[in-house]
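Coordinate inspection notes
Letter by letter, the chains look like this.
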Amino acid sequence: MLQNLLADRFKLSIHRGIKEVTAYSLTIGKNGSKLADPPEGQASKVLVDDHGGVVFQNITLAGIVNTLANILGQPVVDKTGLTGRYTYTFNPNADPSGPSLFTAVEEQLGLKLESGRAPVEVLQVDHVERPSAN
């Protein structure tokens, strides 16, 4: 519905494409993943505490990938090969004297973040116009 409105009002035309950009790759750390299988029947949810810690319950790795991408301000590509659902806690430390985000990811999750370039899906604007007066 929103896409139709934008196309009508602004003559917006877009397409999806692949572009190689600076991104982070998420891989399994040298000591292996620390992600736990969820208890039987656990509901899927994400909880955020007052100190910025995040508890992911019965969630795929997309949860941590999106959280890391938001913190880093760059895409994060999951290259772990892990396809299950997991329960895990992640406490990114806002304290400058604490461990870096990269260290926290490895110590808490058993995963590793590496900077590089990766192909990611992007929306590309082909055409847009100012709307006509009402």
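See the structure printed just above.
This write-up is about the structure you can find in this document. Computed from a predicted structure; not experimentally measured. Positions within a chain are numbered from 1, following the residues in the order the chain's sequence is written. Only residues with pLDDT of at least 70 are given local features in this predicted model, and only at 80 or more are side-chain atom pairs given and counted; all residues enter the totals for whole chains, interfaces and linings. Each side-chain value is derived from all of the structure's non-hydrogen atoms; neither hydrogens nor water enter the calculation.

1. Section: the overall build of the chain
Counting its secondary structure elements, the chain contains three helices and six strands. Structurally, the chain occupies a C-alpha span of about 60 × 35 × 30 Å along its principal axes. Exposure categories follow from relative accessible area, calculated using a 1.4 Å probe and restricted to protein chains: below 20% of the type maximum is buried, above 50% is exposed, and the middle band is partly exposed. Looking at the chain as a whole, 28% of its 134 residues qualify as buried. Contacts are residue-level and defined by heavy atoms, with any inter-residue pair within 4.5 Å sufficient. A separation threshold of at least 6 residues defines the contact pool for the chain, and within that pool the share at least 24 residues apart is 76%. Working note: accessible area of the chain is about 8,900 Å², and carbon and sulfur atoms make up 51% of it. In this count, Lys and Arg are taken as positive residues and Asp and Glu as negative ones, while His and the chain termini are left out. Lys charges are placed at NZ, Arg charges at CZ, Asp charges at CG and Glu charges at CD. Each charge sign in the chain was given a centre, from 12 positive and 14 negative side chains, and these centres are 6 Å apart. Counting from the N terminus, the helices are DSSP H or I runs at least four residues long and the strands are E runs at least two residues long. The accessible surface values rely on the Shrake-Rupley method and a 1.4 Å probe; as for residues, cover is taken only from the protein chains in view.

2. What about the sheet that holds strand β3 (residues 54-59)?
Backbone hydrogen bonds hold the strands of a sheet together, and the pairing may be parallel or antiparallel. One requirement defines pairing of two strands: DSSP has to find at least two bridges between them. The antiparallel open sheet is built from three strands, whose spatial order is β2-β3-β5. With one partner strand each, in any of the chains shown, β2 (45-48) and β5 (86-90) form the two edges of the open sheet. Neighbour to neighbour, the strand axes of the sheet diverge by 5° on average, direction disregarded. Of the strand pairs in this sheet, β3 and β5 are connected by four bridges, and their pairing is antiparallel. When the sheet's bridge partners are listed, Ile59 is paired in β5 with Tyr86. In the packing of helix α2 (residues 62-72) onto the sheet, contacts are made with β3 and β5, and the angle to β5 comes to roughly 25°. Between the N-to-C directions of two axes lies an angle of 0 to 180 degrees, each axis being a line fitted to C-alpha atoms and, for a helix, fitted only over the stretch in contact.

Spatial relationships are all this shows, so hold off on functional conclusions.
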